[in-house]
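Inside the fold
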Amino acid sequence: MNNSAVDDIKDRLAIEDVLGEYVQLKRSGRNFKGLSPFSAEKTASFMVSPEKQIWHDFSSNKGGNMFSFVMEMEGLDFKGALELLARKAGIDMAQYRSNTYKDTSKLKDRLLEANEVATKFYQVQFSKHEAAIDYIFKQRKFTKEVVLQFKIGYAPNNGRALADYLHKKNFTDEEIAKSGLVSTRFKTPSDMFRGRIMIPLMDSVGKVIGFTARLLEDAPNAPKYLNTPQTLLYDKGRHVYGLHLAKEAIRKKKRVVMVEGNLDVIASHQAGIAEVVATAGTAMTPMHLKTIGRFTDDVRIAFDQDDAGLRAAERTIPLASEAKVNLSIITVPSGKDPDELIKKDPKLWEKTIEQNEYALDWLIERKKAQFDVNNAEGKRRFTDSLMTTIRGLKDPVEQDHYIQVLAEEIKVSAEALRTKFEENPEKPVRLKKSNQPKDQQIVKEQIELLKIQDHLLALILLQPALRYVIDEFTADILATDSAKQLHAFLKENKEFKGDPKEAKGLKELTDYVKILGLQYEELYQGLELLELRNEVARLKLRLTSQYVKTKKIVITKELGDANEERTKELLEEARRLDQMRINQ
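Everything numeric here is computed off the predicted structure, so don't read it as measured data. (Residues numbered from 1 in each chain as written. Predicted model: local features only at pLDDT ≥ 70, side-chain atom pairs only at ≥ 80, totals over all residues. Heavy atoms only, no water.)

1. Here's the deal with the sheet that holds strand β2 (residues 31–34)
Which entries qualify depends on this criterion: DSSP-based pairing: two strands are paired if at least 2 bridges between them are found. Numbering of helices and strands runs from the N terminus, with a helix taken as a DSSP run of H or I at least four residues long and a strand as a DSSP run of E at least two residues long. Helix axes are fitted to C-alpha atoms over the stretch in contact, other axes to C-alpha atoms as well, and angles between N-to-C directions run from 0 to 180 degrees. Throughout, a residue-residue contact means that at least one pair of heavy atoms, one from each residue, lies within 4.5 Å.
Here we have 5 strands laid out as an open sheet, ordered β1-β2-β3-β4-β5, and antiparallel in their pairing. Taken across any chain shown, the strands that pair with only one partner, and hence form the sheet edges, are β1 (26–28) and β5 (62–64). The average angle at which neighbouring strand axes cross in this sheet is 20°, direction not considered. Relative to β5, strand β4 (residues 54–57) runs antiparallel, the two sharing 3 bridges. From the neighbouring strand, His56 faces β5, where its bridge partner is Gly63. Against the sheet, helix α3 (residues 66–74) contacts β3 (46–49), β4 and β5, and its axis sits at roughly 135° relative to β5. Against the sheet, helix α22 (residues 510–523) contacts β2, β3, β4 and β5, and its axis sits at roughly 60° relative to β4.

2. Considerations on the packing of aromatic side chains
For any pair of aromatic rings, the description rests on two quantities: the centre-to-centre distance and the angle between the ring planes. Put simply, the rule is: Side-chain rings of Phe, Tyr and Trp, where Trp is taken by its six-membered ring, are said to pair if the distance between their centres is within 6.5 Å; with planes under 30 degrees apart they count as stacked, over 60 as edge-to-face, and otherwise as tilted. Only protein chains enter the calculation, and the probe is 1.4 Å; a residue is then buried if its accessible area is under 20% of its type maximum, exposed if over 50%, and partly exposed in between. Over a ring means this: the NZ of a Lys or the CZ of an Arg is within 6 Å of the ring centre and within 35 degrees of the ring normal.
Under the definition given, this model contains 15 aromatic pairs. Here the aromatic rings of Phe67 and Phe78 are separated by 5.8 Å at their centres, their planes lie at 45°, and the arrangement is tilted. Taken as a pair, Phe67 in helix α3 and Phe78 in helix α4 (residues 78–89) lie far apart in primary sequence, 11 residues in all. A relative accessible area of 34% means that Phe78 is categorised as partly exposed. By way of ring pairs, the aromatic residues Tyr22, Phe38, Phe46, Trp55 and Phe69 are connected into one cluster. When the ring centre of Phe38 is taken as origin, the NZ or CZ atom of Lys62, which lies over that ring, is 4.5 Å away.

3. Description of the confidence of the model for the protein
Just so we agree on the cut-off: By definition, pLDDT measures how confident the predictor is in each residue, and it falls between 0 and 100.
With 92% of its residues at a pLDDT of 70 or more, the protein has an overall mean of 86. A low-confidence stretch, residues 425–436 (pLDDT under 50), is modelled with 30 contacts involving residues beyond four sequence positions or located in other chains.

So, in structure tokens, the structure goes:
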């Protein structure tokens, strides 16, 4: 199904046009060049080949086709990228789907249409309602531009106004019910939202999937905020409000700020601080963190400084550790919310964002204020309140660090706290020593290994005269399955001319081979064979050295948590690596 859709999309869309919406590209011979969207570089190293239909970023060593690029930039999975590009290409994906899938897809499309119609209906109603206009423009001080950007509206307080309007637009009772726009009261369907300011909830590409509704005038027993219930489109545990407008700023600033209220997001965007998004209340879920983790690992939360905000931050710390994001807390001064601070002075909000504090350090300070750590009971309650959170951390080095921090805070031995820490029978943990290399260092070395590997294979692939080198190193020092497959193929096909279409064994590696071709064109095209021979020899030595360096860093990290038998194995592996470096 998807292969046909992929081919049809590629036929209709030019890769340089798709990527040109995200990166300013300039013609460079047969290719296009631009600044990397993945790093803050000043010299263009991002390449796009219309001929090969691929892209490659030399600064991060990322590359692929238009689908992989959209997945990177939009934080989508393959299916999401396929649907987005299909819309750009004017292709109806229903023609590629089974009947069951078609029915669900058709209903989703109808629900999206219903939400879009409702959004426009609410916007028209807003323009006619003086109290709503006063609240938004005078009380909240929003500008016309930001109100239109976030599609703010108003739901009239007269029962079935929207439901009747949707019927006139040919939506069925089933479609209206499944949209979450109506509810049944006293056996009679009526509008879900009445007498409320309507804030559309949009997905990552800006399509309305639901609403948050704020009560305009106080009413007894009525909640101030009301959300669309769970529907085929809207999932409270996954949706990140404002992401469609924030993702570019998040990528540029390399951070995201999570706030509680949708109106806080709007106020921040109006003030020009656009890396701000919100969840539905304070409840952060693994899916929220996974969604924003596609754009940055620097997550800062600015929840209210009350008990609910404290508990929310406490629950989020282990989730952030699981999602491998760095969680920090922003403390808004004087107990204000971001909206109030922005009204006072937007620069104060920006300054507050910069004064973030690592989440667990922040939590420890708050817990110290709750308990008297000068007596035995206070020490016990203080450590009890933090142990569950520390056990939830996934990095044993970080766990050990905070065991030592707590020990210093309450003036007891770290060993005593380690004993208490390991008393939890449900989650036995071995603590690592804190002198191990950080994951970031390992990632950096692995990226360097990938670059050297690909440059070497690009030369061997495009220059048959250099194929003799393929016998001088083994595939096990290559970092990816694609590279290993290509190594095996070239070892068996030393006369291969370089066109993947001519080789059955390379069909699965088409994009990888194209990326190597692009690297060859940029780095080595036009060099004399003697220069290329020297470069191959240099790269072969660097590949072995980098492989040894990367593996030894990983071994050093693993040694911190190894038992006696595993320690012997790791030390033997380190000796083997040293010998490999000597013999190269």
